[in-house]
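Listed here are the chains, written in short residue letters.
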Amino acid sequence: MKRVSIFGSTGSIGENTVDLIARAPEEYHVVALTGGRNVDRLAEQAIALNAELAVTCFPELKQRLADRLSGTGIAVAAGEAALLEAAARPADWIMSAIVGAAGLQPGLVALEQGTTLALANKESLVCAGALLMETARTHGASILPVDSEHSAVAQALVGEEIADVERVIITASGGAFRDWPLERLPDATPEQASSHPNWDMGQRITVDSASMFNKALEVIETREYFGFSPAQIEVLVHPQSLVHALVGFNDGALMAHVGPPDMRHAIGYALHYPERRRLPVERLDLAKIGQLDFRAPCERRWPALRLAREVMGRGGLSGAAFNAAKEQALDAFLARQIRFTDMAAVVEEVLNAMDGDGALKCDRMRLDHVMETDHLARKCAAEAVLKIGTDA
Ligand code: NDP
Ligand code: MG
């Protein structure tokens, strides 16, 4: 039996992973499931999958989780240290699907046990790509991308030489405001930003899709995971979200990955890798779909894409600052302290301020540097939110 753990099991990626595992319970031994606030759902999942351990990151919710699991024999734990202990429990395959920088440390601990880490948590690659890849190398662990675009690129690269790749194109739906007039964007509300035209995802990544901060993270993720240069990475707006990525080779061929907008494809590919098993996803009828559209992204509409290039140019710890500032700006937008279009301004201000202070330089990345940068960037972003929010 394959021993599996799911970090962030109560989220959108987590639920899709649980769905795949629950379809073949005889094949899996579930070691640990972790969640946050939704302990009722976490307990249901732990019972359904007969998990060894259920962990909530919130200590104040431990009792409620214990009550839900009393008499089941499933162990219960809570808090940050418990999450890290769960990540150290031996497993053959670990899904990293916590949202935000909070996913970094459990991911690193999981890699230290030499496991296969299915990585949905792109933020950890953005914050500390060098550290994550080095930890995987040192401990003989592998990282499999779960983000749909990166899974698509990995699939297009099977049997190919990286040196033969000229460019990589990742697609973006354009999110909720793709066709809005630019002058309406400042008035966009959190509710409007939280509805995605094609994908059903967690709220934070859905809003990040509307602002293209999600794609900005993914551009950096492409660089960190595959090692392509910034000039090789392109973004293309593709409203149907059926072509997830294209890899261009030096003979002019473009290999496109086409599939339904269902994360169970990328999760299932990582779960069964290197096999390709049948997956319960829709089979596309291209004749019915009829048309696939592509267009270049407009950087006035989506300044996050320009910021991603700046981050890659600056290097060092700027990914950690970028992600932390983005998370703070998103919180402030969701709390209605700043406007939709202010998020990019907050992030840019943080990057400029920290770079000016020399705080983003580093020769060899260490976890304490990353955490310190994250902390500083959040503080700096909170100040920028106050300033920009007052100006608004
Ligand atoms: P969700 O918000 O739906 O789920 C996040 C999960 O993390 C939940 O289990 C949540 O618990 C838990 N969680 C929240 N905060 C913390 C914390 N501080 N510490 C530990 N656990 C926490 O997110 P998604 O599933 O949408 O996204 C997960 C990751 O996958 C993100 O990195 C995202 O960028 C990436 N991703 C998501 C895709 C998607 O289709 N959703 C596609 C590609 C990548 P609870 O809900 O119980 O509070
Ligand atoms: Mg993606």
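This text goes with the structure placed above it.
Within each chain, residue numbers correspond to sequence positions counted from 1 in written order. Note on labels: chains are lettered from A, ligands numbered from 1, in written order. Per-residue local features are limited, in this predicted model, to residues with pLDDT of at least 70; the limit for side-chain atom pairs, both in listing and counting, is 80 or more; totals at the level of whole chains, interfaces and linings are taken over all residues. In computing side-chain properties, one takes all heavy atoms of the structure into account and sets aside hydrogens as well as water.

Asker: What's the story with a negative patch on the surface in this structure? I'm lost.
Answerer: Every patch collects residues that have over 30% relative accessible area and no salt bridge, joining them within 9 Å if they carry like charges and within 5 Å if they are nonpolar side chains (Val, Leu, Ile, Met, Phe, Trp, Tyr). Using a 1.4 Å probe, accessible areas were evaluated by the Shrake-Rupley method; residue-level cover was limited to the displayed protein chains. One side-chain nitrogen of Lys or Arg within 4 Å of one carboxyl oxygen of Asp or Glu is enough to make a salt bridge. His is not counted, nor are the chain ends, whereas Lys and Arg count as positive and Asp and Glu as negative. Where a charge sits is defined by one atom per residue type, namely NZ (Lys), CZ (Arg), CG (Asp) or CD (Glu). Taken together, the side chains of Glu-160, Glu-161, Asp-164, Glu-166 and Asp-251 make up a negatively charged region of the molecular surface. What counts as a helix is a DSSP run of H or I of at least four residues, what counts as a strand is a run of E of at least two, and both are numbered from the N terminus. Relative to the helices and strands, Glu-161 resides in the loop between helix H7 (148-156) and strand S8 (165-172).

Asker: I tried to follow the packing of aromatic side chains on my own but got confused; where do I start?
Answerer: The description of two aromatic rings rests on the distance between their centres and on the angle between their planes. Any two rings among Phe, Tyr and Trp, with Trp reduced to its six-membered ring, count as a pair given centres within 6.5 Å; such a pair is stacked if its planes are under 30 degrees apart, edge-to-face if over 60, and tilted if neither. In total, this model carries seven aromatic pairs according to the counting rule given. The interplanar angle of 70° and the centroid separation of 5.5 Å between the aromatic rings of Phe-333 and Phe-340 together place this pair among those described as edge-to-face. Take Phe-333 and Phe-340: they sit in the same class, and that class is buried. Site record: aromatic cluster; members linked through ring pairs are Phe-177, Trp-180, Phe-333 and Phe-340. Geometry around Phe-58 places Arg-37 over its ring, the cationic atom sitting 3.8 Å from the centre. The rule is simple: take the accessible area with a 1.4 Å probe, protein chains only, and divide by the maximum for that residue type; under 20% is buried, over 50% is exposed, in between is partly exposed. The criterion is that NZ of a Lys, or CZ of an Arg, lies within 6 Å of the ring centre and within 35 degrees of the ring normal, and then a charge sits over that ring.

Asker: I tried to follow the site of ligand 1 on my own but got confused; where do I start?
Answerer: Around ligand 1 there are 25 residues in total, and Thr-10, Ser-12, Gly-36, Arg-37 and Glu-123 lie nearest to it. In protein, a polar contact means a hydrogen-donor-capable atom and an acceptor-capable atom, both N or O and within 3.5 Å, with residues adjacent in sequence counting only if both atoms are side-chain atoms; elsewhere, any N or O pair within 3.5 Å suffices. Here an oxygen atom of ligand 1 sits 3.1 Å away from a polar atom, N or O, in the main chain of Gly-11. Here an oxygen atom of ligand 1 sits 2.9 Å away from a polar atom, N or O, in the main chain of Ile-13. Expressed as a share of its isolated accessible area of 910 Å², the protein-covered part of ligand 1 is 85%. The set of elements that each furnish at least two residues to the shell around ligand 1 consists of helix H1 (12-22) and helix H6 (122-138). Ten residue types, Ala, Val, Leu, Ile, Met, Phe, Trp, Tyr, Cys and Pro, are classed as nonpolar, four, Asp, Glu, Lys and Arg, as charged, and the remainder, Gly among them, as polar. Its residues placed into classes, the shell around ligand 1 shows eleven nonpolar, ten polar and four charged. Residues are classed as near a molecule or strand on a simple rule: at least one heavy atom within 4 Å of it.

Asker: Would you mind showing me how to read the side chain of Asn-214 here?
Answerer: Examined against the element boundaries, Asn-214 turns out to sit in helix H10 (residues 213-226). Within the structure, the side chain of Asn-214 is placed 2.6 Å from the side chain of Lys-122, a separation counted as a polar contact. Any two residues whose heavy atoms approach within 4.5 Å are treated as being in contact. Not counting residues up to four positions away in its chain, the partners in contact with Asn-214 are Lys-122, Ile-205, Asp-208 and Ser-209.

Asker: Before we go on, may I ask you to explain the sheet that holds strand S1 (residues 2-7) in this structure?
Answerer: Sheet strands pair via backbone hydrogen bonds, and the direction of the pair is either parallel or antiparallel. In this description, strands pair whenever DSSP reports at least two bridges between them. Spatial strand order, S4-S3-S2-S1-S5-S6-S7: seven strands in an open sheet with parallel pairing. In this open sheet, the two edge strands, each paired with only one partner strand, are strand S4 (75-78) and strand S7 (142-145). Along the sheet, successive strands turn relative to each other by an average axial angle of 20°, direction set aside. Where S1 meets strand S5 (residues 93-96), four bridges bridge the pair, whose relative direction is parallel. Within the sheet, the bridge partner assigned to Ile-6 lies in S5 and is Met-95. Axis geometry follows a simple rule: fit a line to the C-alpha atoms, using only the stretch in contact for helices, then measure angles between N-to-C directions, giving values from 0 to 180 degrees. Along the sheet, H1 makes contact with S1, strand S2 (28-35) and S5, crossing S1 at roughly 160°.

Any functional reading would require information beyond the geometric quantities listed.
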